[in-house]
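Letter by letter, the chains look like this.
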Amino acid sequence: KIKNNRLFVAKKEYFINKPDTLIKLFHVAHFSNLDIHPETFRRMTRAIKACSVAQLQTEENRKLFLEILTSKDSAGRVLRLMSDTGYLSKFLPEFGHVICMMQFDMYHSYTVDEHTIKAVEILNEIETGKIKNEAPLACELIHQTEARKVLYMAVFLHDLAKGKGGDHSILGSKIAAKLCPWFGFTEDETDTVKWLIR
């Protein structure tokens, strides 16, 4: 239901009994451009804590997540909601590793998780031309690729190996080698994501 212009689920045990509805609610929030009611948000957070990783990592959930990530509308807002509820960490433990991870150098103003979401947002701004003045060439060239899905996945995965005790680009390409087929990518698409991360 819609309550005060926000998505609202009235039944208290709804998500615990139906864990697949968690990603469906994020999906509706994204494609309807709606926020989630705070009461529902709290219920989602509690349900996610009670879920196993396997309950969230279904084929349907992977499909819906990929639709959100590669949407023509920026996924940043909903990715943050997914992160704040703990969904992203449970669904993708590789993302959970970088939650609130600081980088102590002059080039990084954000934690790794926030940097990752910001990078996805900037890629969307390039694609939609919102930053045409700052990045005219990128805004032009992005429309010459047929590999949008590959590009968005590479940006989302590019830093998930930070803090793992080695070159994060090489370790990150290994994460991509595991996750891309899991998300239904072909061998060629997976190789391209790995190459972009390296």
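What counts, and at which threshold
Position numbers for residues start from 1 in each chain and track the written sequence from start to end. Residues qualify for local features only when their pLDDT is at least 70, as the model is predicted, and side-chain atom pairs are given and counted only at 80 or more; totals for whole chains, interfaces and linings, by contrast, use all residues. Side-chain descriptors were evaluated using all non-hydrogen atoms of the structure, hydrogens and water having been removed beforehand. Exposure classes here rest on a 1.4 Å probe applied to the protein chains alone. A residue is buried below 20% of its type maximum, exposed above 50%, and partly exposed in between. Counting from the N terminus, the helices are DSSP H or I runs at least four residues long and the strands are E runs at least two residues long. Arc definition: it is the arc formed by the directions from the helix axis to the C-beta atoms. In what follows, residue pairs with any heavy atoms lying within 4.5 Å of each other are defined as contacts. DSSP bridges decide pairing: two strands pair if at least two such bridges lie between them. Here, axes are lines fitted to C-alpha atoms. For helices the fit covers the stretch in contact, and angles between N-to-C directions go from 0 to 180 degrees. If an angle is under 35 degrees, it is roughly parallel; if it is over 145, roughly antiparallel; if it lies from 65 to 115, roughly perpendicular; otherwise it is oblique. Any Lys or Arg side-chain nitrogen located within 4 Å of an Asp or Glu carboxyl oxygen qualifies as a salt bridge.

Enquirer: Looking at this structure, I do not really get helix H13 (residues 187-197). What am I missing?
Expert: One full turn of an α-helix is made of 3.6 residues, so residues set three or four places apart face in the same direction. Residues of H13 that are buried: Thr190, Val193 and Ile197. Angularly, the buried residues of H13 cover 60° about the axis, an arc narrow enough to put them on a single face. Counted as exposed and oriented over 90 degrees from the buried face of H13: Glu187, Asp188 and Trp195. Looking at the packing, one finds that the buried side of H13 touches helix H11 (148-157) and helix H12 (168-182).

Enquirer: Explain the environment of Ser89 here, please?
Expert: Along the chain, the position of Ser89 falls in helix H7 (residues 87-91). Overall, Ser89 belongs to the partly exposed group, its relative accessible area being 26%. Through-space distance from the C-alpha of Ser89 to that of Ala147 is 26 Å; in sequence the pair is 58 residues apart. Excluding its chain neighbours within four sequence positions, the residues that come into contact with Ser89 are Gly96 and Ile99.

Enquirer: Help me out: how do you make sense of the sheet that holds strand S3 (residues 35-36) in this one?
Expert: In sheet architecture, strand pairing relies on hydrogen bonds along the backbone and comes in two forms, parallel and antiparallel. Taken in spatial order, the 3 strands line up as S1-S2-S3 in an open sheet, and their pairing is mixed. Edge positions in the sheet fall to strand S1 (2-3) and S3, since each of these pairs with one other strand and no more. Note that strand S2 (residues 6-7) and S3 share 2 bridges and pair parallel. Paired with Leu7 across the bridge in S3 is Ile36.

Enquirer: Looking at this structure, I do not really get the packing of helix H3 (residues 38-50) against helix H6 (residues 76-85). What am I missing?
Expert: Each packed pair of helices is defined by two parameters, the angle between the axes and the distance between the axes. Contact pair H3 / H6: the axes reach a minimum separation of 9 Å and the direction vectors enclose 55°. Here H3 is positioned oblique relative to H6, judged by the angle of their axes. Between H3, through Phe41, Thr45 and Ile48, and H6, the contact on the second element is made entirely by Leu81, Asp84 and Thr85.

Enquirer: How should the pattern of salt bridges be read in this particular structure?
Expert: According to the stated counting rule, one finds 11 salt bridges in the structure shown. Glu127 serves as the salt-bridge partner of Lys72, at 3.7 Å between the closest nitrogen and oxygen. Taken together, the positions of Lys72 in the loop between helix H5 (59-69) and H6 and Glu127 in helix H9 (residues 112-128) put the pair 55 residues apart, joining distant regions of the chain. Overall, the relative accessible area of 9% leaves Glu127 in the buried class. The salt bridge partner of Lys194 is Asp191, with a shortest N-O separation of 3.8 Å. Pair noted here: Lys194 and Asp191 are both in helix H13, with a separation of 3 residues, about one helical turn. Put simply, Lys72, Glu127 and Arg148 are held in one network by salt bridges that share partners.

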